[in-house]
Amino acid sequence: MALFAVPGLFILSVYSGAYGHLQSKEELLNYKNAIASRVLSAEGELIGKFYSENRTNVSYTQIPSFLIDALIATEDVRFFEHEGVDSRSLARVLLKSILFNSRSSGGGSTITQQLAKNMFGRKKFRALTILVNKTKEVLLAYRLERTYSKEEILTLYLNTVSFGENTFGIGTAAARYFNKNVEQLKIEESAVLIGMLKATTYYSPRFNPENAKNRRNVVLSQMEKYNYLEPYKADSLRKLPLIHGYTNIEYKGPADYFLVQVKNEAKKILQNISSVTGKEWNLEEDGMVIATTLNLALQIYANKSFHDHLSVMQKRLSEQYHSSSGRKLIGEITESILKGQNLINRADEVNLQTVFDWNGSYADSVSVL
């Protein structure tokens, strides 16, 4: 009896909050992801985002059925049968990992358990860290299954999971790695994204395309194994080359300077609204859609003209710099600046720095003195 009493008492202590708060059904119902606010051009095109976590939530109806199939076949094949915890998978992991010391036993966590971890993270409890966190996730998984439908759990999971590069949720991942809305994904593209869940960097189509292709084919094979794909179709998809459309508008947008002003103006508007309604808004977490007057087509033309003109001017500047008279003039200007900043004692040193040129790359290091 004591053999069963100790684990039972431990589970009860976790359930009662001895190792930290365990979210109630009401808290689970009110759970809210941090969603990026999207900035649109006058034509309705995305030109930037403001976020703490780069996430755009999608609904279940937007997610292709074959993407759901890929997720279940790879991560939790009995998802629609269990109530949050797959006892068969747990038994397998315990048997192989503990008794036979096997590291190839696979994971025992269901999609619902993984969702619990994604939603609330994990905390450290010294020697009991893994045991406490796993127990919490099991208890929350049961509670999630009694709070949400299976379809809602899948949607929550796909909207919370990380795809690396501060990219959260399947909607943002589809845009980042394939430059598509989630509804436009193909089967093989869906398999790439689901494959990334095992290790986002190692299986990134951007950084490790060969790994991503191999992992994609594993996902396709899992779909075939569990009858989500016919063998001939799975075989043809495995033979396809890996093609991604990596796009990161947050890294180099068409009007980044404009977004700074938009952000400042949006914060002022939200402050005014809050002073009247009393409701606080968070620009980086509340998923707002901000319409602007910027004409994206004209902005792209302006950017191109700017680049073309300064590329010509870059050549003239380089020719002037490398001429004797040009170098003398630059030396005089630099010496004057150093004197003004009380740095003339360093005037006999060569200061090497990397500078940007308007041919679209960084020039070699050049001496400015």
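For the structure itself, look to the data block above.
Here the structure is a predicted model, which is why all the values come from computation and not from measurement. (Residues numbered from 1 in each chain as written. Predicted model: local features only at pLDDT ≥ 70, side-chain atom pairs only at ≥ 80, totals over all residues. Heavy atoms only, no water.)

Novice: Tell me about the overall build of the chain, and please be specific about residues and values.
Specialist: When helices and strands are tallied, the chain shows 14 helices and nine strands. Sorting the 369 residues of the chain into buried and exposed places 37% on the buried side. Within the chain, counting contacts between residues at least 6 apart in sequence, those at least 24 apart form 64% of the total. Summed over its atoms, the accessible surface of the chain is roughly 22000 Å², and 55% of this surface lies on carbon and sulfur atoms. (Helix = DSSP H or I, 4+ residues; strand = E, 2+ residues; numbered from the N terminus. Buried < 20%, exposed > 50% of the residue type's maximum accessible area, 1.4 Å probe, protein only. Contact = heavy atoms within 4.5 Å. Areas by Shrake-Rupley, 256 points an atom, 1.4 Å probe, with all protein chains shown as cover.)

Novice: Run through the packing of aromatic side chains, naming residues and quoting values.
Specialist: On inspection of all chains with the given rule, the structure shows four aromatic pairs. Seen in terms of ring centroids, Phe-79 and Phe-80 are 5.1 Å apart; in terms of plane orientation they differ by 80 degrees. Their pairing is edge-to-face. Under the relative-accessibility criterion, Phe-80 is labelled partly exposed at 45%. The ring of Phe-79 has Lys-150 sitting right over it, with the charged end atom 4.3 Å from the ring centre. (Phe/Tyr/Trp six-rings, centres within 6.5 Å; stacked < 30°, edge-to-face > 60°. Lys NZ or Arg CZ within 6 Å of the ring centre and 35° of its normal.)

Novice: Go over the packing of helix H9 (residues 187–196) against helix H10 (residues 209–225) with me, naming the residues and quoting the values.
Specialist: Look at H9 against H10: their axes get within 8 Å of each other, and the N-to-C directions meet at 110 degrees. In terms of axis orientation, H9 runs roughly perpendicular to H10. Two secondary-structure elements touch here, H9 through Ile-187, Glu-188, Ala-191, Val-192, Ile-194 and Gly-195 and H10 through Arg-215, Arg-216, Val-219, Leu-220 and Met-223. Looking at the contact of H9 with H10 residue by residue, the classes come out as seven nonpolar, one polar and three charged. (Axes fitted to C-alpha atoms, helices over the stretch in contact; angles between N-to-C directions. Parallel < 35°, antiparallel > 145°, perpendicular 65-115°, else oblique. Nonpolar A, V, L, I, M, F, W, Y, C, P; charged D, E, K, R; others polar.)

Novice: How would you explain a nonpolar patch on the surface if you had to name every residue and give the values?
Specialist: Residues Leu-9, Leu-12 and Tyr-15 make up a contiguous nonpolar surface patch of roughly 340 Å² in combined accessible area. You can see Leu-9 is positioned in helix H1 (residues 2–15). We classify Leu-9 as exposed; its relative accessible area is 58%. (Patch = residues over 30% accessible without salt bridge, like charges linked within 9 Å, V, L, I, M, F, W, Y side chains within 5 Å. Salt bridge = Lys/Arg side-chain N within 4 Å of Asp/Glu carboxyl O.)

Novice: Please set out the sheet that holds strand E1 (residues 37–40) residue by residue, giving values where relevant.
Specialist: The three strands are arranged E2-E1-E5 in an open sheet whose pairing can be described as mixed. The outermost strands of the open sheet, each flanked by one partner alone, are strand E2 (46–50) and strand E5 (289–291). Taken pair by pair, the neighbouring strands of this sheet meet at an average axis angle of 25 degrees, ignoring direction. As paired strands, E1 and E2 are joined by four bridges and run antiparallel to one another. (Pairing = 2+ DSSP bridges.)

Novice: Break down the environment of Thr-74 for me, citing the residues and quoting the values.
Specialist: Here Thr-74 shows up in helix H3 (residues 65–75). If we ignore the near neighbours within four places in the chain, the residues touching Thr-74 are Ile-194, Arg-215, Val-219 and Gln-222. A polar contact is formed between the side chain of Thr-74 and the backbone oxygen of Ala-70, at a distance of 2.8 Å. (Polar contact = N/O pair within 3.5 Å; in protein donor to acceptor, adjacent residues only side chain to side chain.)

Novice: Got a sec to walk through the side chain of Lys-150? Specific residues and values, please.
Specialist: Here Lys-150 is to be found in helix H7 (residues 150–160). Lys-150 gets classed as buried once you look at its relative accessible area, which sits at 15%. In terms of polar contacts, Lys-150 uses its side chain to reach the backbone carbonyl oxygen of Phe-79, at 2.5 Å. Not counting the four nearest positions on each side in its chain, Lys-150 is found in contact with Phe-79, Phe-80, His-82 and Glu-145.

Novice: Which residues make up the pairing of E2, and what are the values?
Specialist: Most of E2 is tucked away: four of the five residues are buried. A loop of five residues connects E1 with E2, the two strands running antiparallel in sequence, and Gly-44 in this loop sits at a positive phi of about 90 degrees.

Novice: Could you give an account of the pattern of salt bridges, naming the residues involved and the relevant values?
Specialist: Across all of its chains, the model carries 14 salt bridges by this definition. A salt bridge links Glu-53 to Arg-55; the nearest nitrogen and oxygen atoms lie 2.8 Å apart. The shortest N-O distance in the salt bridge between Glu-83 and Arg-146 comes to 3.6 Å. Remark: Arg-146 occurs in the loop between helix H6 (129–145) and H7 and Glu-83 occurs in the loop between H3 and helix H4 (87–99); sequence separation between them is 63 residues. Taken together, the shared-partner salt bridges connect Glu-224, Asp-235, Arg-238 and Lys-239 into one network.

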